[in-house]
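Structure at a glance
Each chain is listed here by its residues.
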Amino acid sequence: MKKKKISLPILIMIGMVLGILGGIPFQNNPEFAVTYIKPFGTLFLNLIKMIVVPVVLCSIISGVISMKDIKKVGAVGLKSVIFFLITTAVAVGLGLVLANLTQVGTGFNLATEELTYQAVEAPSFLETLLNMFPSNAFEPLVSATMLQVIVLALFFGFGIILAGEKGDPAGRFIESMNEVCLQIMGIIIKLSPVGVFALLLPVVAENGPSVLLPLLKLILVVYAGYLIHMVVVFSITTRGLAKMSPLLFFKEMLPAMTMAFSSSSSVGALPLNIECSQKLGAKKEIASFVLPLGATINMNGTSIYQGVCAIFIANVFGIQLSLTQQLMIILTATLASVGTAGVPGSGVIMLSMVLQSAGLPLEGIALVAGIDRILDMGRTTLNITGDANCAVCLSAMERRKEARLAAKDASQ
């Protein structure tokens, strides 16, 4: 009898558990873990980063061509942005509610006068708009500026559609390249268990109790927000819009979620996220378009982090935020999720904007800097799950629309 092979999701989970348990003995000597184990995780991430730009470029162009209609691409894009903005607003609101209920920053003893933080200036709306459009077709591919790669892919996809028959050879070439990229991605994904192990072990070794315990309440409140948003909001949208069991959704998403948790990279988890979403029934053309867009602008997890951190900093500095100020935090965080898209260090820039909108001291960012990596693991997981949730829901809605049109045509 043939031995039953262990599935990749199980292997990834085993890698994550071993990475966490293996990091505990190295807490007295984290340098060894960083010097000799972390490089294997970095190598795995480098392989993913190597293929992610070709995957995004080819998959978006392929997705646009598959839709065969520029108006349809625009409709899917608009629905995606609206979906992301609504779930982001809910996320930051949830973060504020949890932080207010727990008074997350009270009892935190700190000499606040010793804190220093240099604010990073957020780009203006016009700068963000201009930065979306590359002046060189190759530069975004080299620098992996994802928002510019998306725009570049959209223009090439539109061009192939508008070229008609003359554009068919280019379309077939892109389809072929997309398949090649997916095969390469499949090879790299098989290395995920080792990569996850090598990425997590140094994190556990470096962030021992001495770093985590003083801020444990903040970590627990933020992760409670992540969990509640994931279980409640995504379950409601999955059941209501996709007509799918939430348990099935989370089960199939586990490999991508584990990868995101380990790497803290939405873009790094993108190849696996595309695979998991398509297994859940997301249409290829929608997943190919929505997931790269979501990896750039969807900030569900980041928004919960913003809301909790804003109240935490206000509590530490003894500042009482009014309802108006908290509503301003929700508005700022929601708009900033799109406004800072593609900007390096966008999470810190977003937090700076949120604190400024509420009149809170920017020095407070230094409070959470030490545990940012721990919080980032959870927020990245929530972000990419939200991307997949959007792709699955929009695909289901699109199928129902097509079925209604087909039934209408048949009755005529």
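Being a predicted model, the structure only gives us computed values, none of them experimental.

**Some remarks on the environment of leucine 96**
Within the element layout of this structure, leucine 96 appears in helix α3 (residues 70–102). Taking the C-alpha atoms as reference points, leucine 96 and isoleucine 329, separated by 233 residues in sequence, lie 8.9 Å from one another. Setting aside residues no more than four positions away along its own chain, leucine 96 makes contact with Gly307, Ile311, Gln326, Ile329 and Ile330.

**Some words on the packing of aromatic side chains**
One pass over the structure, following the stated rule, counts 5 aromatic pairs. Relative to phenylalanine 250, the ring of phenylalanine 249 lies with its centre 5.3 Å away and its plane at 70 degrees, an arrangement referred to as edge-to-face. An aromatic cluster is present here, built from Phe26, Phe32 and Tyr36 joined pairwise through their rings.

**Quick notes on the packing of helix α2 (residues 30–67) against helix α7 (residues 168–189)**
The geometry of α2 relative to α7 is characterised by a closest axis approach of 9 Å and an angle of 150 degrees between their N-to-C directions. Regarding the angle of α2 to α7, the classification is roughly antiparallel. Crossing of α2 against α7: the hand is left-handed. In the contact of α2 with α7, the residues fall into 16 nonpolar, 5 polar and 1 charged.

**Here we look at the pattern of salt bridges**
This structure, assessed with the given rule, holds 6 salt bridges. Between lysine 284 and glutamate 175 there is a salt bridge whose closest N-O contact spans 3.8 Å. With lysine 284 in helix α13 (residues 284–297) and glutamate 175 in helix α7, this pair connects stretches of sequence that are 109 residues apart. What makes glutamate 175 partly exposed here is its relative accessible area of 29%. Residue lysine 283 pairs with glutamate 285 through a salt bridge whose shortest N-O separation is 3.7 Å.

**Regarding the side chain of glutamine 148**
Tracing the backbone through its elements, the reader meets glutamine 148 in helix α6 (residues 146–162). When residues no more than four places from it in sequence are discounted, the contact partners of glutamine 148 are Asn131, Met132, Phe133, Pro134, Glu139 and Pro140.

**Let's talk about the packing of α3 against α13**
Relative to each other, α3 and α13 sit at 40 degrees, their axes nearing to 11 Å. Regarding α3 and α13, the two cross each other, and that crossing is right-handed. The residues of α13 that touch α3, namely those facing Val73, Val76, Gly77, Ser80, Val81 and Phe84, are Phe289, Val290, Leu293, Gly294 and Ile297. Across the contact of α3 with α13, the residue classes break down as 8 nonpolar, 3 polar and no charged.

**Quick look at α13**
Taking 1.5 Å per residue as the helical rise, α13 with its 14 residues ought to reach 20 Å, and the 20 Å between its terminal C-alpha atoms agrees with that figure. With 13 of its 14 residues buried, α13 lies for the most part within the structure.

**Comments concerning unusual backbone geometry**
Residues other than glycine seldom take positive phi values, yet glutamine 103 does so here, at roughly 45 degrees. Along the polypeptide, glutamine 103 turns up in the loop between α3 and α4 (125–131). With a phi angle near 55 degrees, lysine 243 is a residue other than glycine that sits in the positive phi range. As for its placement among the helices and strands, lysine 243 is situated in the loop between α10 (216–240) and α11 (246–263). Judged by relative accessible area, lysine 243 falls into the exposed class, the value being 57%.

**Examining a nonpolar patch on the surface**
There is a patch of nonpolar side chains on the surface, built from Ile6, Ile10, Leu11, Ile14 and Leu18 and spanning about 420 Å² of accessible area. Along the polypeptide, isoleucine 6 turns up in the segment before α1 (8–23).

**Side note on the environment of aspartate 372**
The topology assignment puts aspartate 372 in helix α18 (residues 372–411). The spacing of aspartate 372 and tyrosine 305 is 67 residues in sequence and 9.8 Å in space, taken between C-alpha atoms. With near-sequence residues (within four places) excluded, aspartate 372 lies in contact with Tyr305 and Arg379.

**Points about α2**
The largest bend in α2 comes to about 45 degrees, at lysine 38, with the proline proline 39 one to four residues further on. Just downstream of α2 lies lysine 68, where phi reads positive at about 60 degrees.

**Here's the deal with the nonpolar core**
Ranked by internal contacts, the top residues of the largest apolar core, which has 112 residues, are Met253, Phe289, Val290 and Phe312. For this core, the element with the most residues is α2, which contributes 15 residues. Of all hydrophobic cores here, the second largest spans 5 residues; its members include Ile37, Ala198, Leu201 and Ala205.

**Some details on the UniProt feature "transmembrane region" (unreviewed entry) in the protein**
The UniProt record annotates "transmembrane region" (unreviewed entry) at residues 7–27, 47–65, 77–99, 141–163, 184–205, 211–236 and 304–323. The span residues 7–27 is 76% helix and 0% strand, and its two end C-alpha atoms sit 31 Å from each other. As a span, residues 47–65 carries 100% helix and 0% strand, and end to end its C-alpha atoms are 28 Å apart.

**Points about the state of the cysteines**
Applying the stated rule across the entire model yields 0 disulfides. Free cysteine cysteine 58: the closest other cysteine sulfur is in cysteine 181, separated by 4.3 Å. Free cysteine: cysteine 393, not disulfide-bonded; nearest cysteine sulfur from cysteine 390 at 7.3 Å. Among the residues examined, cysteine 393 registers a relative accessible area of 1% and is labelled buried.

Rules used in this analysis
Residues numbered from 1 in each chain as written. Predicted model: local features only at pLDDT ≥ 70, side-chain atom pairs only at ≥ 80, totals over all residues. Heavy atoms only, no water. Helix = DSSP H or I, 4+ residues; strand = E, 2+ residues; numbered from the N terminus. Contact = heavy atoms within 4.5 Å. Phe/Tyr/Trp six-rings, centres within 6.5 Å; stacked < 30°, edge-to-face > 60°. Axes fitted to C-alpha atoms, helices over the stretch in contact; angles between N-to-C directions. Parallel < 35°, antiparallel > 145°, perpendicular 65-115°, else oblique. Left-handed = near helix turned anticlockwise from the far one by under 90°. Nonpolar A, V, L, I, M, F, W, Y, C, P; charged D, E, K, R; others polar. Salt bridge = Lys/Arg side-chain N within 4 Å of Asp/Glu carboxyl O. Buried < 20%, exposed > 50% of the residue type's maximum accessible area, 1.4 Å probe, protein only. Expected span 1.5 Å × (residues − 1). Patch = residues over 30% accessible without salt bridge, like charges linked within 9 Å, V, L, I, M, F, W, Y side chains within 5 Å. Areas by Shrake-Rupley, 256 points an atom, 1.4 Å probe, with all protein chains shown as cover. Bend = angle between axes of the 7 residues up to and from the residue. Core = buried A, V, L, I, M, F, W, Y, C linked by side-chain atoms within 4.5 Å. UniProt positions renumbered as here; feature names shortened; annotations may be inferred. Disulfide = S-S within 2.5 Å.

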